[in-house]
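# Working through the structure, step by step
Spelled out from the first residue to the last, the chains are:
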Amino acid sequence: MPLLRCPRKSLWLGLGETDVPGLPGRGDNNNGSRLGGLLYYMETREMCFEAKRLFRLALGPVLMLMSAAALAAGAEVSQVNMRPGVTEVGKEIYDLHMIILWICTIIGAGVFGVMFYSIIYHRKSKGVVPATFHESTKVEIAWTIVPFFILIGMAVPATSTLLNIYDNDDADMDVLITGYQWKWKYEYLNENGENVTFFSNLRTPQNEIYNTESKGEHYLLEVDEPLVLPKDTKVRFLVTANDVIHSWWVPDLAVKKDAIPGFINEAWTRTSQEGIYRGQCAELCGKDHGFMPIVVNVVSQGEYDEWLSGKQAEAAEIKELMAQTFTLDELMERGKSVYDRSCLACHGANGEGGLGNAIANSAVATGELGEHLEIGINGVPGTAMQAFGGQMNDVDMAAVITYQRNAFGNNMGDMVQPIDVYNHKKG
Amino acid sequence: MGDHHHGPAKGLGRWLFTTNHKDIGTMYLWFSFAMFILGGFFAMVIRAELFQPGMQLVEPAFFNQMTTLHGLVMVFGAIMPSFVGLANWLIPMMIGAPDMALPRMNNWSFWILPPTFLLLASTLFMEGGAPAFGWTFYAPLSTTYAPPSVTFFIFSVHVLGLSSIMGSINIIATVMNMRAPGMTYMKMPLFVWTWLITAFLLVAVMPVLAGAVTMMLMDIHFGTSFFSAAGGGDPVLFQHVFWFFGHPEVYIIILPAFGVVSQIIPAFSRKPLFGYDSMVYATASIAFLSFIVWAHHMYTVGMPVAGELFFMYATMLIAVPTGVKVFNWISTMWRGALSFETPMLFSIGFLVLFTIGGFTGLMLSIAPSDFQYHDSYFVVAHFHYVMVAGAVFSMTAAVYFWLPKWCGKMYNETMGKTHFWISFVGFNLAFFPQHFVGLAGMPRRIPDYALQFADFNMMSSIGAFIYGASQIMFLYNVIATIVSGTPVSDEKVWDGAEGLEWTLPTPAPYHTFETPPKIDPAHAHS
Amino acid sequence: MIRVSANPTIDTVIKLVTVAVAMFAFVFVVMVPLYDVLCDALGINGKTSGQAYTSVQAEIDESRLVTVQFVATNNEGMPWEFGPSTTAMKVHPGAVNDTVFYARNPLPRAMVAQAIPSVSPARAAEYFHKTECFCFNQQPLEGQAEADMPLQFIIDQDLPRDIKTITLSYTIFDVTDMANGAVAAR
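Cut-offs applied
- Residues numbered from 1 in each chain as written.
- Chains lettered and ligands numbered in written order.
- Predicted model: local features only at pLDDT ≥ 70, side-chain atom pairs only at ≥ 80, totals over all residues.
- Heavy atoms only, no water.
- Helix = DSSP H or I, 4+ residues; strand = E, 2+ residues; numbered from the N terminus.
- Buried < 20%, exposed > 50% of the residue type's maximum accessible area, 1.4 Å probe, protein only.
- Contact = heavy atoms within 4.5 Å.
- Areas by Shrake-Rupley, 256 points an atom, 1.4 Å probe, with all protein chains shown as cover.
- Pairing = 2+ DSSP bridges.
- Axes fitted to C-alpha atoms, helices over the stretch in contact; angles between N-to-C directions.
- Buried area = accessible area lost by both parts, 1.4 Å probe.
- Salt bridge = Lys/Arg side-chain N within 4 Å of Asp/Glu carboxyl O.
- Polar contact = N/O pair within 3.5 Å; in protein donor to acceptor, adjacent residues only side chain to side chain.
- Nonpolar A, V, L, I, M, F, W, Y, C, P; charged D, E, K, R; others polar.

### What about the overall build of chain C?
Each helix and strand in chain C was counted, giving 1 helix and 9 strands. Reading chain C from its N terminus to its C terminus gives the helix and strand order α-β-β-β-β-β-β-β-β-β. Looking at chain C residue by residue over its 186 residues, the buried ones come to 51%. Considering only contacts within chain C whose residues lie at least 6 apart along the sequence, 75% involve residues at least 24 apart. Accessible surface, chain C as shown: approximately 8600 Å² in total, 58% of it carbon and sulfur.

Structure follows, in structure tokens:
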């Protein structure tokens, strides 16, 4: 279309008098109060210019619509548009979004079309004599009332979709989601036994973030423990936070809910398709706001049941492990992975510190074991050092304290066993 | 008594002690431009880090300081003072008054600003760093978890709030009491109307911001629990109080811009503003409505559905008077005799791009869709369209339009037009792609992002640098004009310009309208 | 129009300054209390009352059961062990129900906690009456001591029939520094 040249000659298609003085061969009738001279005459040459201009203007939204079409045809995740996602609510939201976008595009094309027409034809350089009209009550009323009705038209589907989003009742299962600085905790509420609880940390290594390793496919959108949900099940989310305000957002589920410390918010979802869906924290929550992603793994009911009992077995296993004694090597290996997951962000990959104190050669890590354990388990009130005792099992705590005391050149030779952690907590 | 109207005093003292509205206007404009450069520098750091995925230049904690200061400096240091400067220069001249109603308070309103922004910028060097909780500073990130510099931040907000309140009182008192005889309210230029309404908004909501930061101060230092659940408070209360200020604030930013464009478009269309009365009523409606829509910034916070619906309907309503204004501007152009000097280019740019921002605003007002847009780059794109392509373009147009009247020299038109086109391209390249990444799922206020957002982020950074660079051209043009531009001596610098200021000599003398002008009763508004 | 001063400019200024001061006061005197009142009355944000409910003799609605889930969260670095003794109960609206939350202070020093309740769905909050709750007062615990903290509640029979599950969540905060010496009434 942009390559099409507009015809040199014009076909006069108009009816009646012209309203635009200054063009050769036309009458000088100046009924000044009539807008929309466009409606009274158009020549093919002008139409051509107009169409070209409108095309260029519409390019952006057209790209979006094309991507929507490509998406429907099964293309990759859209990079220019919202996705309908895998829930009914998500599809409703997507449809609403597209309708509003279309309406805005059409109105915009019309409005800008009129403006660009003016820019081209109502120029002083063409010798145009300006009109003098400057008001019209009829027209003002019209363009107040008509948009009002268009808005009502938009508000109706919007209201129904919103009511749908708020329908949190009759869920088949509940998950308590807690936002922490800077990770998520998921707790599956179980009426009949203990809740399955775990933390979900960013899994992307620091090397990828700091550009010494090439970035993986799911850079910044991968976690160690995803939230696993069964398909076709209404899941109710109870969302809260441990410290500051966070927000849990998964675009493909069309769920976003603020996590507010001290309060519980509700949201729900019912997914129709198995798959892995990724999201991020959507409320500024401190330095690693961009580094606490969400991964939801939707599986069949059978796989979910299997996973859940696996998790419960793991919890039981940890209980058994808590009574065991480990070698230094075993503790160091486990401790390093716990350290990388839970301590590195603030204390540095080499224990050099950062937001948190250095661990290498620190008074705590080379000092009394009891005090070191105390800090790890109960944190330091009034600082950013959280009480990790409530966030990791005793085996992990024993391992990470052992690791801290022996890595980074500390070489204390100490070993902490899970039972030591348990006893410390008991007092 | 003798004639005490000599020219301006000499030296630094002139500027420190001036009570002349032209001098104070000039100082506001230069100060705001310096803040624009400072805020722009912070933006360059942000866009440089976001040029590629991965952390290359700064640490995440510092990045958050950059986004926070960028917002604070641009909103409170660049945009708001720039329009106050315009108000100072133009309002007395437009209504036929010799100066502002309270010239000494006018001096204070300005001079408390530079030290305050120095203090705010200095927080970068304090222990714990500058504020890093976003320009919207939600609790408890900004209370319990804030760095020590938060107290200086609170103090700064109080001072610049005071400056705005004093300035607004001055504007209202001037417009209500000092119009030349015969200049009725409905004969005032629209720029004066929009500033009058803006000033009322400011007097009403700046104290609410002061209240919010005072409650923060009390929570941080005096053991209260306004925003802490532990003591029976609620972090969401902060959001309600902040946005009760925050929403009228964005109209405070844009209404004067509407006023500027309403002066420039008629001038370069050589045709009166279409629908003057409707424009006044539309502006007043927007101002009233702005008080009842604040929670559309909080759709995901867990409000009861009735509240969400109310705020959605009220917000959608604002599209009506805003649309009326856009239609009126276009009708002003329709069948005029248009010419496209730089002020007109920026005004038309405003018209197109602000309208696009208005459309995305309408999309955002739809609460269910907003669950996908909220806190994503879609919002960032929206507000940059309305604030940069809206307010900043309008401000730029204003400078080109009135600079010749202020200093008696004409700017370089070719350089002006080049500035426009580079700004236009740079701005759209910077911000249009942000709609895409926002819709595709990129949250805001993150220093690093997933790989699927990389291409558009790179584009956006390039655009931002281009836009930033073009402002240097603007600065050069303005300085060169003042120092050695072609002299202009016609009162009506622009053949289509209407208004009392265009009846004055060029450059405008230090004291003007010491005797009120005669307003022709038959002559309409300008 | 009331004239405060003969000089029209000063008149305008005085009126505007009054508006500014009034808007500042508005925040503290109107917005904060209004927010609290609305939240209490409408149960917005799931805030339930911090005061004991005086129960009125009421019938027990045997026709339906409401599931009440209990959830516990530790705020920030709060190191206490804290949780419900039972994760859920099925109750009849109108009946008086008892349950217990356990708490243990693992640190060697005395601490004081404040539990903040939050009910979901928010619109159920106004129907959830607590006649006795450990959340009414600050809870002190000596170092390494533990306690069972009682909760007694009634679900109002007027609870909308479409609400079948109510979640009561407590977040405990460390208020040792804020403690004003109020001791839990047992």
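### Some words on the sheet that holds strand 4 (residues 96-104) of chain C
Residue and element names in this part refer to chain C. Pairing is antiparallel across the open sheet formed by 4 strands, whose spatial order is 2-4-8-6. Edge positions in the sheet fall to strand 2 (81-84) and strand 6 (128-133), since each of these pairs with one other strand and no more. Each strand axis lies, on average, 25° off the axis of its neighbour in the sheet, ignoring direction. Here strand 2 pairs with strand 4 via 4 bridges, running antiparallel. Along strand 4, the bridge assignment pairs proline 84 with phenylalanine 101.

### Here we look at the interface of chain B and chain A
The interface is formed by 98 residues belonging to chain B together with 99 residues belonging to chain A. Around 8200 Å² of area is buried between chain B and chain A when both sides are counted, 70% of it from carbon and sulfur atoms. Where chain B packs against chain A, one counts 0 salt bridges. At the boundary of chain B with chain A, the tally comes to 25 residue pairs in polar contact (both at pLDDT 80 or more). At the level of secondary structure, the elements contributing two or more residues to the side of chain B that touches chain A comprise helix 3 (60-95), helix 8 (235-269), helix 10 (305-317), helix 11 (319-333), helix 12 (342-365), helix 13 (367-373) and helix 15 (413-439) of chain B.

### With respect to the interface of chain A and chain C
Counting residues at the interface gives 28 residues for chain A and 32 residues for chain C. Buried area between chain A and chain C, summed over both chains or domains, comes out near 2400 Å², and the portion from carbon and sulfur atoms is 45%. Looking at the side of chain A facing chain C, the largest losses of area belong to A:Glu191, A:Phe263 and A:Ile264, adding up to 22% of the total buried there. One can count 2 salt bridges joining chain A with chain C. The tally of links from chain A across to chain C stands at 9 residue pairs in polar contact (both at pLDDT 80 or more). Residue assignment for the side of chain A that touches chain C shows that the elements contributing at least two residues are strand 1 (173-180), strand 5 (235-241), helix 8 (369-378) and helix 10 (418-426) of chain A. With 4 residues, strand 5 of chain A is the single largest residue contributor to the side of chain A that touches chain C. Looking at the side of chain A that touches chain C residue by residue, the class counts come to 9 nonpolar, 9 polar and 10 charged.

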